[in-house]
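Here are the chains, one letter per residue:
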Amino acid sequence: MIDPKLLRSAPEEVARNLARRGFKLDVAALQVLEDKRRTSQLEVDRLRAERNAHAKAVGQAKGRGADIAPLMAHGESLASSVEAADVALAAVQAELNDWQLGLPNLLHDSVPEGRDEHANVEVRRWGTPPQFAFTALDHVALGEALGGLDFEAASRISGARFVVIRGALASLQRALAQFMLDLHTRKHGYTEVYVPYLVAASTLQGTGQLPKFEQDLFALRGEQRFYLIPTAEVPVTNLVRDQILAPETLPRRYVAQTPCFRSEAGAAGRDTRGMIRQHQFEKVELVQMVRPDDSYRALEELVSHAEEVLRQLKLPYRVMALCAGDVSPSSARTYDLEVWLPSQNTYREISSCSNCEAFQARRMQARWRNPETGKPEPLHTLNGSGVAVGRALVAVLENYQNADGSITVPEVLRGYLGGLERIIRVG
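All of the points below concern the structure found in this document. The structure displayed is predicted, hence computed values, not measured ones.

Parameters at a glance
- Residues numbered from 1 in each chain as written.
- Predicted model: local features only at pLDDT ≥ 70, side-chain atom pairs only at ≥ 80, totals over all residues.
- Heavy atoms only, no water.
- 1 Å grid on protein atoms, 1.4 Å probe; cavity = no way out; pocket = protein on both sides within 12 Å on 5 of 7 lines; lining within 4 Å.
- Points joined across faces, edges and corners; volume = space filled by probe spheres on them.
- Nonpolar A, V, L, I, M, F, W, Y, C, P; charged D, E, K, R; others polar.
- Salt bridge = Lys/Arg side-chain N within 4 Å of Asp/Glu carboxyl O.
- Helix = DSSP H or I, 4+ residues; strand = E, 2+ residues; numbered from the N terminus.
- Buried < 20%, exposed > 50% of the residue type's maximum accessible area, 1.4 Å probe, protein only.
- Pairing = 2+ DSSP bridges.
- Phe/Tyr/Trp six-rings, centres within 6.5 Å; stacked < 30°, edge-to-face > 60°.

Turning our attention to empty space enclosed by the protein. Using the criterion set out here, one finds 1 cavity of 30 Å³ or more in the structure. In this structure, the largest cavity occupies an estimated 80 Å³ of space. Contributing to the lining of the largest cavity are L101, G102, L103, P104, G208, K212, F213, P329, S330, F359 and R363. Of the residues in the lining of the largest cavity, the class split is 6 nonpolar, 3 polar and 2 charged.

Further remarks concern the pattern of salt bridges. What the rule picks out here adds up to 28 salt bridges. Between E113 and R20 there is a salt bridge, with the nearest N and O atoms lying 2.8 Å from each other. Linking E113 in the loop between α4 (69-101) and β1 (121-126) with R20 in the loop between α2 (11-19) and α3 (27-64), this pair joins segments that are 93 residues apart in sequence. E113 sits in the exposed class, given a relative accessible area of 51%.

This part takes up the layout of surface pockets. In this structure, the second largest pocket spans a volume of roughly 370 Å³. Around the second largest pocket sit 17 residues that line it, and D3, P4, R362, Q365 and P378 are the ones nearest its centre. For the lining of the second largest pocket, the elements supplying multiple residues, two or more each, are α1 (4-9), α11 (359-364) and β15 (376-378). Residue composition of the lining of the second largest pocket, by class: 8 nonpolar, 3 polar and 6 charged.

This part is about the sheet that holds strand β7 (residues 226-228). One open sheet accounts for 3 strands, arranged β5-β7-β6; its pairing is antiparallel. The outermost strands of the open sheet, each flanked by one partner alone, are β5 (198-199) and β6 (218-220). For β6 and β7, the ladder comprises 3 bridges, and the chain directions are antiparallel. Pairing of A219 across the sheet is with Y227, part of β7.

For the rest of this paragraph, the subject is the packing of aromatic side chains. Aromatic ring pairs are defined here through the distance separating the ring centres and the angle between the ring planes. According to the stated counting rule, one finds 4 aromatic pairs in the structure shown. Residues F132 and F134 carry aromatic rings whose centres are separated by 5.0 Å and whose planes lie at 40 degrees to one another, so their mutual orientation is tilted. Residue class for F132 comes out partly exposed when judged on its relative accessible area of 24%. Of the residues examined, F134 reaches a relative accessible area of 25% and is grouped as partly exposed. Plain terms: the ring middles of W340 and Y347 are 5.0 Å apart, the flat faces sit at 70 degrees to each other, and that makes the pair edge-to-face. Exposure remark for W340: the relative accessible area of 11% places this residue in the buried category. The exposure class of Y347 is buried, given its relative accessible area of 8%.

Following this line, the structure appears as structure tokens:
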């Protein structure tokens, strides 16, 4: 959520920033709501002052022995008026809050200009895409030939955009996730957490998925309204919901491996073949909560942690700074890591690392006590894939394929697979 004080004091400045995203802020509508709130607040304040003054007058009259029955009747009337005014103010405030929840985050000044992904800026590359002396296959053909990827069985069970992974490929996916968790906990200092996969609407509102992206979520029917998590960012970031953190406990770094569930309503018809865009997939997620002054240094650090996964796997990749029109609504600045996929002869996203600044923290009431002021202030939250496990599996299959259809196991993963060096079809 954007700082309400900034919205009130500099709406035109906010409008110019949001226009970089292609978002039009209705300043007039904001002013109408703010005027309603101010008028309601003034009325509440006036009535409360009148009630307090009246209570004092009742006490004085009672001390003189005067008849206070008429005063008591007026006092009851005042109390009813105050209650009604409080209800009206709460309704106006709720309307204003709902309107503000629909606004995206302000962009950092360093975000490149542009309307869509075509304006994203390449920051750096690492590794050299492999050159094969044979026609490279995509992960679907490779996985099916190895008997390890079964899209037909998944379709019978659940429908499109699912996969059954068997045998050595299932073990390879598990090894990838375990390797990432070990790297981030043992080397980068993250604390591993296990979190719920079902969350309340308020939790998704806290990180910004609701109300804007409800169509991309899976909601469960039942007595309680739950949603399946679209990413571990949601429950992990909400660990600090309604908390005031001591400064000495920051930064906090968490890592979690979870399944992720997305309806992909906004991506109909895209990447329908294979594992690139599925309704259910595994991801290792990195989340940081930091002091505001440290958040952009933390963003660069977060990106480097995700990069190291790809470097140790020896997968070619590039880092992209997303332009204004491609940054997600909750983020102030985002880098994407894109891994090389030989079958597509291009780089595809495998990690997205974002600094949300105080946007999520305000929605969650997640604060830290600033030692300089002694007052609670919103902290800054960051998140990034460290990395998407399914897409890492895709990249390993395609970049480590051999002419005979076998897959060479990356050296860093062999210890997780009992020393296995090559995956071949068995039976």
